[in-house]
Amino acid sequence: MSVAITTAAPTNPAPEGDYVLEARGLSKSFGGFHAVRNVDLKVKRGSIHALIGPNGAGKTTCFNLLSKILTPTEGQVLFDGQDITGLRSAQVARLGLVRSFQISATFPHLTCLENVRVALQSSYGIAYSFWRSLRALDSLNDRAMQLLAQVGLKAQADLLATELSYGKKRALEIATTLAMDPKVMLLDEPTAGMGREDVEPITDLIREVSPGRTILIVEHNLSVVANLCERITVLQHGEILTEGTYGEVSSNPDVITAYMGGVDDE
Amino acid sequence: MTRYVLFAALGIAALAAPFQVYPILLMTILCFVVFAASFNLLLGFAGLLCFGHAMFFGTAAYIAGWLLKNTAITIELAFLAATLAMAVLGYLVGLISARRGGIQFAMITFAIAQFIYFLLLRAPFTGGEDGMQGIPRSALFGVINVSSSFTLYYLILAITVLAIAAVYRIVHSPFGEVLRAIRDNEARVDSLGFNPVQFKILAITLSAGLAGLAGAMKATVFQIATLHDVSWHVSGTIIFMTLLGGLGTLAGPVVGAALVVVLHDYLAHFGEWALIIQGSVFLAVILFMRQGIVGAAKALYRRVVVRS
Ligand SMILES: Nc1ncnc2c1ncn2[C@@H]1O[C@H](COP(=O)(O)OP(=O)(O)O)[C@@H](O)[C@H]1O
Ligand SMILES: [Mg+2]
C-alpha cells in the first residue's frame, strides 16, 4: 500500500462561486446563551479565508460547529457540496476537513515522528493491528520525515513532543494536520502565544502549504491576516458583522469600534 | 547492551529461584505480575483507570476452577477458556464504559465489578463464602504432570513471559501507537479521523483477557477460587502495585507486583502493623517517586550514566 505524496497538487483555478465549505444559518446556544447566531459563511475553494473578531465573539465555537465537534442548534454545514451536518467529527476529518486547536494539541509523550505517523495511520488501514510490530509502519516513515522537514523539525524527529519549544509544537501540529492531506484546514489561532520570532516562520509555512488547499484561519495578529488572507469575515457577539477584503474590512467603522474594543482586553 | 545483561541475569534468577524460594510465593508474584501488566495496559497506555479490574481476575479463577473440577479439560485449555471468556466480558464492559473518561470510567467499572461480585456471591457453583475448593492441576496437554508446585512454577513462568511479551507487542504495535496518542490527547485523535471509543473498547478487551489469564493461573496455584479475588480490595491492590512500580513502563508492574507480594508475605508476622507499614511505603513512593520505582530508577540512570 502506498501513500499519496501531496506536495501542492496543482488545482484548476476555482470557478467563480465554487465554495468548498459553506455554513447556512448556523446557530449554537449554550443554555440560553447564543454563542453563534445565524451565521452564513462561504469559503471559496483554494482561498485563505480569515475569521476574526474580539474575544468571545464565537470564532472557536464556529470552528467546533464546522468540524462537527459540536452539533448546531440550527443550520447546516456543507462540505464539497455534501451536507455534513449529521456526520461525526472523525468522519468529517476523513472526508478532508481537518482542524487544529487553539490550545496546542500535540501528543506530548510520543516522538515527533510518531505524532505525524499517527495521522498518516488514519488512511493506512492497519490501526487496529495490535499483534503487528511497529515495523509494519516503516513505509510511512519517509512521508513523516518529509512532513517534519517541511515544518523544520527534521532534526527533532526522535524527540518527545513535550520537549519542544512552544513555537515548534505549533509547527508539529501543522505537520500532523498536513499528514491528513486535508482539502480544507481549519487553523484556530496558529500564532497565539508565540514570540515575534516564531510568528513569521509559521506565517510563511501556512502560505507554503496553501496551494491546492483551502484554509480557514482564526487569527488575532492583523498583520498575519493582511499578509495571508484574501477574504475576511468579522464576527461579533456570535453574528457576522461584515465580510470583505482586508482593505474593505479594516476601513469599516463598525469593525474598528468592535474590534479595537476586543483586542484591548487580551 | 546493559539491557541484555539485565535480561540474562533476570532469566537465570527466575529459573533458579524455586531451588531457593517457596514456589507458591514465586507463583503468586508471577500471577500478580501478569495482572498488574494488564492493568498497566489500560491506565499506563490508554489512560483508563479501571476501578474494578478484580472482576476479570476473580471471575476467571472461578471459570478455570469450575472447568478443571468438572470436566476432563487440560490445564492450558482451562487457561485459554478463562482468558477468552474474560475478553468477552471486557468487550461488554467496554461497550458500556468506554465512552466515558476519567473518574466516570472508574465509577462505572467499579459499579459493574460490584454487580458481578454479588452475582457470584449468589451463584450456586462458587461455594459462597467458602470459595471453590480443591481445584485440580490437570496435566499440561494431557501428558505433562504439573501437580507439584515445583513443576507448575515453570509453566506459570513460561506463561508470564509470554504475557509480558504480548503486552510489549500491543504497546509497540500500530494499534499501540494510536492508543498512546489517545491517552495523550483524545480530542486530537478524533480530529484525525479515528474513533477513539473503538480503540478503547479493544484495549479493555485485551486487558481483561490478560487479567483473566492471571486469575486462572492463580486458581491453579492456590487450588481455590474465592470471592476475595473479585472484591474491590484486590482491585485496589492492583492499582497500588502498578503505581508503586511505575505507570506506563513495562518493568513497572513486574517490580510493583513482586514488591507488594513479598511485603505482604513478610509483614504477615506483624499483624495489624502490616497495614501501617504498607501505607507508609505507599506514601513515601507517592511523595518522593511520582513516576514509581521504575520511573525513578530510569531518571537516576539517565542522570548518572548519560549525563556524566
Ligand atoms: N461549551 C460551552 N458552554 C458554554 N458557553 C460556551 C461554551 N463554549 C463557548 N462558550 C461561550 O461562547 C462564547 C464564544 O466563545 P468562543 O467561541 O470560544 O469565542 P472566541 O473563540 O471567538 O474567543 C463565549 O462567551 C464563551 O464563554
Ligand atoms: Mg477562540
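On a predicted model such as this, the values are computed, not experimentally measured, just so you know.

Please set out the overall build of chain A residue by residue, giving values where relevant.
Secondary structure summary: chain A contains nine helices and ten strands in total. Over its C-alpha trace chain A gives a radius of gyration of 19 Å, about what one expects of a compact globule, namely 18 Å for 266 residues. Across the 266 residues of chain A, 53% fall into the buried class. By sequence separation, contacts in chain A at least 24 residues apart represent 65% of the contacts at least 6 residues apart. In the structure as shown, chain A presents an accessible area of about 11800 Å², 50% of it carried by carbon and sulfur atoms. In chain A, 24 side chains carry a positive charge and 30 a negative one; their mean positions are 7 Å apart.

Outline the sheet that holds strand E9 (residues 231–236) of chain A, supporting the account with residue identities and numerical values.
Residues and elements named next belong to chain A. Read across the sheet, six strands follow the order E6-E7-E8-E3-E9-E10 without closing on themselves; strand pairing throughout is mixed. With one partner strand each, in any of the chains shown, strand E6 (97–99) and strand E10 (239–244) form the two edges of the open sheet. When the angles between neighbouring strand axes are averaged without regard to direction, this sheet yields 20°. Bridge analysis of strand E3 (residues 48–52) against strand E8 (residues 214–218) gives four bridges, and the strand direction is parallel.

Please give an account of the site of ligand 1 that cites residues and values.
Residue and element names in this part refer to chain A. Looking at ligand 1, the residues that line it are Phe30, Phe33, Ala35, Asn55, Gly56, Ala57, Gly58, Lys59, Thr60 and Thr61. One nitrogen or oxygen atom from the main chain of Ala57 is found 3.2 Å from an oxygen atom belonging to ligand 1. Within the backbone of Gly58, an N or O atom sits 3.0 Å from an oxygen atom of ligand 1. For ligand 1, the protein covers 59% of the area, taking 560 Å² as the surface of the free molecule. Those elements that place two or more of their residues in the shell around ligand 1 are strand E2 (33–44) and helix H1 (59–66). Here the shell around ligand 1 takes three residues from H1, the largest share from any one element.

Kindly report on the sheet that holds strand E4 (residues 74–79) of chain A, identifying the contributing residues and their values.
Residues and elements named next belong to chain A. With antiparallel pairing, four strands are arranged side by side in an open sheet as E2-E1-E4-E5. Because the sheet does not close on itself, it has two edges, and the strands there are E2 and strand E5 (82–83). Bridge analysis of strand E1 (residues 19–30) against E4 gives five bridges, and the strand direction is antiparallel. Looking across to E4, one finds that Leu21 is bridged to Phe79. Sheet strands touched by H1: E1, E2 and E4. Its angle to E1, the strand with the most contacts, is close to 115°.

Provide a residue-level description of the nonpolar core, including the pertinent values.
Grouped together as the largest cluster of nonpolar side chains are 150 residues, with contacts concentrated most on Val116 and Ile217 of chain A together with Phe79 of chain B. With 19 residues, helix H2 (residues 23–46) of chain B is the single largest residue contributor to this core. For Phe79 of chain B, the contacting residues outside a window of four places in its chain are Leu155, Ile156, Ile159, Leu213, Ala216, Met217 and Thr220 of chain B. Within the second largest apolar cluster, 25 residues are counted, among which are Leu26, Val43, Leu66 and Leu70 of chain A.

Explain unusual backbone geometry to me, and be specific about the residues and the numbers.
At Glu189 of chain A, a residue that is not glycine, the phi angle is positive and equals roughly 50°. Here Glu189 of chain A shows up in the loop between strand E7 (184–188) and helix H6 (196–209). Even without glycine at this site, Gln223 of chain B takes up a positive phi of about 60°. Here Gln223 of chain B is to be found in the loop between helix H9 (196–222) and strand E2 (224–225). Overall, the relative accessible area of 32% leaves Gln223 of chain B in the partly exposed class.

Please give an account of the packing of aromatic side chains that cites residues and values.
The description of an aromatic ring pair rests on the distance of the ring centres and on the angle between the ring planes. Residues and elements named next belong to chain B. This model, assessed by the stated rule, comprises 13 aromatic pairs over all chains. When the ring of Phe19 is compared with that of Phe150, the centres are 5.2 Å apart and the planes differ by 75°; the resulting orientation is edge-to-face. Placement of Phe19 in helix H1 (residues 2–20) and of Phe150 in helix H6 (residues 149–171) is noted, with a sequence separation of 131 residues between them. Overall, Phe19 belongs to the exposed group, its relative accessible area being 61%. A ring pair is formed by Tyr153 and Tyr154, whose centres lie 5.1 Å apart and whose planes are at 80°; its orientation type is edge-to-face. A relative accessible area of 27% places Tyr154 in the partly exposed class.

Describe the environment of Gly209 of chain B, listing the residues and the values that go with them.
Residues and elements named next belong to chain B. Take Gly209: it is sitting in helix H9. In this structure Gly209 comes out as buried when scored by relative accessible area, which is 5%. Non-local contacts of Gly209, meaning those with residues more than four positions away in its chain, are made with Thr83, Met86 and Ala87.

Kindly report on the side chain of Ser97 of chain B, identifying the contributing residues and their values.
All names here are of chain B. As for its placement among the helices and strands, Ser97 is situated in helix H4 (residues 75–97). Relative accessible area serves as the criterion here: at 0%, Ser97 is assigned to the buried category. One polar contact links the side chain of Ser97 to the main-chain carbonyl oxygen of Val93, over a distance of 2.7 Å. Setting aside its immediate chain neighbours within four residues, Ser97 contacts Phe105, Ile108, Thr109 and Ile204.

So what's going on with the interface of chain A and chain B? Residues and values would help.
Interfaces are frequently sized by the accessible area removed from exposure as the parts join. Of the residues lining the interface, 36 residues belong to chain A; the matching set on chain B comes to 26 residues. Carbon and sulfur atoms supply 60% of the area buried between chain A and chain B, which totals about 2600 Å² over both sides. Ranking the residues of chain A by area buried against chain B places Phe107, Tyr128 and Phe130 of chain A at the top, with a combined share of 26%. Linking chain A with chain B are two salt bridges. With a closest N to O distance of 2.4 Å, Glu177 of chain B and Arg117 of chain A form a salt bridge. Our enumeration of links across chain A and chain B arrives at 14 residue pairs in polar contact (both at pLDDT 80 or more). Broken down by secondary-structure element, the contributors of at least two residues to the side of chain A that touches chain B are helix H2 (89–95), E6, helix H3 (112–121) and helix H5 (166–178) of chain A. Broken down by element, the side of chain A that touches chain B gets its largest block of residues, five residues, from H3 of chain A. Of the residues assigned to the side of chain A that touches chain B, the class counts are 19 nonpolar, ten polar and seven charged.

How would you sum up the pairing of E8 of chain A? Please name residues and give values.
All names here are of chain A. Of all five residues that make up E8, five are buried, and the element is covered over most of its length. Side chains Thr214, Leu216 and Val218 of E8 all project onto a buried face; the interleaved residues Ile215 and Ile217 project onto the opposite face, where all are buried too. As defined by bridge partners, E7 adjoins E8 across five bridges and the pair is classed as parallel. Within E8, the residue paired with Leu186 across the bridge is Leu216. Between the parallel elements E7 and E8, the chain passes through H6 in a crossover that is right-handed.

Calculation notes
Residues numbered from 1 in each chain as written. Chains lettered and ligands numbered in written order. Predicted model: local features only at pLDDT ≥ 70, side-chain atom pairs only at ≥ 80, totals over all residues. Heavy atoms only, no water. Helix = DSSP H or I, 4+ residues; strand = E, 2+ residues; numbered from the N terminus. Rg over C-alpha atoms; globule rule 2.2 N^0.38 Å. Buried < 20%, exposed > 50% of the residue type's maximum accessible area, 1.4 Å probe, protein only. Contact = heavy atoms within 4.5 Å. Areas by Shrake-Rupley, 256 points an atom, 1.4 Å probe, with all protein chains shown as cover. Lys, Arg positive; Asp, Glu negative; His and termini not counted. Charge placed at Lys NZ, Arg CZ, Asp CG, Glu CD. Pairing = 2+ DSSP bridges. Axes fitted to C-alpha atoms, helices over the stretch in contact; angles between N-to-C directions. Near = heavy atom within 4 Å. Polar contact = N/O pair within 3.5 Å; in protein donor to acceptor, adjacent residues only side chain to side chain. Core = buried A, V, L, I, M, F, W, Y, C linked by side-chain atoms within 4.5 Å. Phe/Tyr/Trp six-rings, centres within 6.5 Å; stacked < 30°, edge-to-face > 60°. Buried area = accessible area lost by both parts, 1.4 Å probe. Salt bridge = Lys/Arg side-chain N within 4 Å of Asp/Glu carboxyl O. Nonpolar A, V, L, I, M, F, W, Y, C, P; charged D, E, K, R; others polar. Right-handed = clockwise from strand over helix to strand, strands pointing away.

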